[in-house]
Amino acid sequence: DTGVSQDPRHKITKRGQNVTFRCDPISEHNRLYWYRQTLGQGPEFLTYFQNEAQLEKSRLLSDRFSAERPKGSFSTLEIQRTEQGDSAMYLCASSGYNEQFFGPGTRLTVL
Amino acid sequence: RKEVEQDPGPFNVPEGATVAFNCTYSNSASQSFFWYRQDCRKEPKLLMSVYSSGNEDGRFTAQLNRASQYISLLIRDSKLSDSATYLCVVFSGGSYIPTFGRGTSLIVHP
């Protein structure tokens with residue numbers, strides 16, 4: 001499968017715990033994006049990388065959120081001290097031009 | 001005003017009907033436009049790009065109206081399998097950050 005993959009697909013955690021998600025993009029794509037989506041809304045931009053450089057972060061992104069793409073391939077998104085409001089679908093997408101290809105997402109539930 | 005606005009619907013249509021959705025954008029410098037389809041609890045998937053000259057792919061036609069700052073998606077001869085949420089995506093000029101609309105829900109019934 002040469003599409004975008006994400007791991008885990010589901011994560012249930014208790015409030016205050018840290019969680020980390022992984023995204024493996026399409027190999028020839030140099031841009032990688034993270035989004036958050038809640039019910040009834042479109043994906044909300046969180047951050048993006050061009051190769052290993054993180055070029056933009058949403059102003060709405062709490063400092064509890066951090067993302068890395070150390071070798072310009074896979075990326076991780078970490079949420080520290082999770083809150084119930086962090087419950088959402090976290091989507092990763094990769095892009096060569098402007099067309100974006102999404103992974104299946106990680107559904108986070110914070111109890 | 002939101003950057004990208006869509007009527008959330010739902011649009012409830014019978015099989016075989018023609019249905020159209022609009023998506024308005026506020027930034028006149030927007031350059032690239034797309035329609036994505038999202039099935040329930042699945043990831044968005046690219047449906048089609050929207051070119052200045054319009055774009056047609058089978059039963060689907062996308063158009064751009066720069067003067068009025070909106071894009072449209074027309075679906076002809078609706079199928080049950082067209083039931084989904086349709087998201088419009090806009091890139092502002094010079095930016096690699098897309099803005100998604102909240103999506104329009106389509107329900108095609110027998």
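Scoring rules and cut-offs
Residues numbered from 1 in each chain as written. Chains lettered and ligands numbered in written order. Predicted model: local features only at pLDDT ≥ 70, side-chain atom pairs only at ≥ 80, totals over all residues. Heavy atoms only, no water. Helix = DSSP H or I, 4+ residues; strand = E, 2+ residues; numbered from the N terminus. Rg over C-alpha atoms; globule rule 2.2 N^0.38 Å. Buried < 20%, exposed > 50% of the residue type's maximum accessible area, 1.4 Å probe, protein only. Areas by Shrake-Rupley, 256 points an atom, 1.4 Å probe, with all protein chains shown as cover. Lys, Arg positive; Asp, Glu negative; His and termini not counted. Charge placed at Lys NZ, Arg CZ, Asp CG, Glu CD. Core = buried A, V, L, I, M, F, W, Y, C linked by side-chain atoms within 4.5 Å. Contact = heavy atoms within 4.5 Å. 1 Å grid on protein atoms, 1.4 Å probe; cavity = no way out; pocket = protein on both sides within 12 Å on 5 of 7 lines; lining within 4 Å. Points joined across faces, edges and corners; volume = space filled by probe spheres on them. Nonpolar A, V, L, I, M, F, W, Y, C, P; charged D, E, K, R; others polar. Salt bridge = Lys/Arg side-chain N within 4 Å of Asp/Glu carboxyl O. Polar contact = N/O pair within 3.5 Å; in protein donor to acceptor, adjacent residues only side chain to side chain.

> Is there a simple way to think about the overall build of chain A in this case?
A tally of helices and strands in chain A yields 0 helices and 11 strands. Start at the N end of chain A and walk to the C end: the helices and strands fall as β-β-β-β-β-β-β-β-β-β-β. Relative to a compact globule of 111 residues, whose C-alpha radius of gyration would be 13 Å, chain A shows 13 Å and is just as compact. Over its C-alpha atoms, taken along the principal directions, chain A stretches across nearly 40 × 25 × 25 Å. Taking all 111 residues of chain A together, the buried fraction comes to 48%. Carbon and sulfur atoms make up 45% of the accessible area of chain A, which amounts to about 5800 Å² in all. Separation of charge centres in chain A, based on 14 positive and 13 negative side chains, amounts to 6 Å.

> Just to check I follow, could you spell out the overall build of chain B for this structure?
What chain B contains, in helices and strands, is 0 helices and 11 strands. If you list the helices and strands of chain B from N to C, you get β-β-β-β-β-β-β-β-β-β-β. For chain B, the C-alpha radius of gyration of 13 Å lies close to 13 Å, the compact-globule estimate for 110 residues. Out of the 110 residues belonging to chain B, those deemed buried represent 45%. Total accessible area computed for chain B in this model is approximately 5400 Å², and 46% of it derives from carbon and sulfur atoms. Side chains of chain B give 11 positive and 10 negative charges; the mean places of these two sets differ by 4 Å.

> Hey, could you run me through the nonpolar core in this one?
As a rule of thumb, soluble globular proteins bury nonpolar side chains together. Residues and elements named next belong to chain B. In this structure, F21, W35, I71, L73, I75, Y86 and L106 are the most contacted members of the largest nonpolar core, which totals 23 residues. Breaking this core down by element, the ones donating at least two residues are β3 (19–25), β4 (30–38), β5 (45–50), β7 (60–65), β8 (70–75), β9 (84–92) and β11 (104–109). The contacts of L106, once residues within four sequence positions are left out, are F11, V13, V19, F21, I75, D82, S83, A84 and Y86.

> Just to check I follow, could you spell out the layout of surface pockets for this structure?
Unoccupied space between atoms shows up once a probe the size of one water molecule is rolled over them. Considering only enclosed or pocket space, the largest pocket measures out at about 730 Å³ in volume. E44, F45 and L60 of chain A together with E3 and T99 of chain B are the residues nearest the centre of the largest pocket, which is lined by 22 residues in total. Of all the secondary structure elements, the ones that give two or more residues to the lining of the largest pocket are β5 (44–50) and β6 (53–57) of chain A together with β9 and β10 (98–100) of chain B. At 3 residues, β10 of chain B tops the list of elements feeding residues into the lining of the largest pocket. Counted by class, the lining of the largest pocket contains 8 nonpolar, 7 polar and 7 charged residues. Put simply, the second largest pocket is a space of about 590 Å³. Contributions of two or more residues to the lining of the second largest pocket are made by β9 (88–95) of chain A together with β9 and β11 of chain B. With 3 residues, β9 of chain B is the largest single contributor of residues to the lining of the second largest pocket.

> I keep staring at the environment of F11 of chain B and nothing clicks. Help me out?
All names here are of chain B. Structurally, the position occupied by F11 is in strand β2 (residues 11–14). We classify F11 as partly exposed; its relative accessible area is 24%. On a C-alpha basis, the gap between F11 and T99 in space is 23 Å, while along the polypeptide they are 88 residues apart. The contacts of F11, once residues within four sequence positions are left out, are V19, A20, F21, T104, S105, L106 and I107.

> Could you clarify how one ought to interpret the interface of chain B and chain A in this entry?
Interface size is often expressed as the accessible area that is lost when the parts come together. Facing 18 residues of chain B, the contacting portion of chain A comprises 19 residues. Taken together, chain B and chain A are joined by 0 salt bridges. Our enumeration of links across chain B and chain A arrives at 6 residue pairs in polar contact (both at pLDDT 80 or more). At the level of elements, β4, β5, β9 and β10 of chain B are the ones that each hand at least two residues to the side of chain B that touches chain A. Sort the elements by how many residues they give to the side of chain B that touches chain A and β4 of chain B lands first, with 4 residues.

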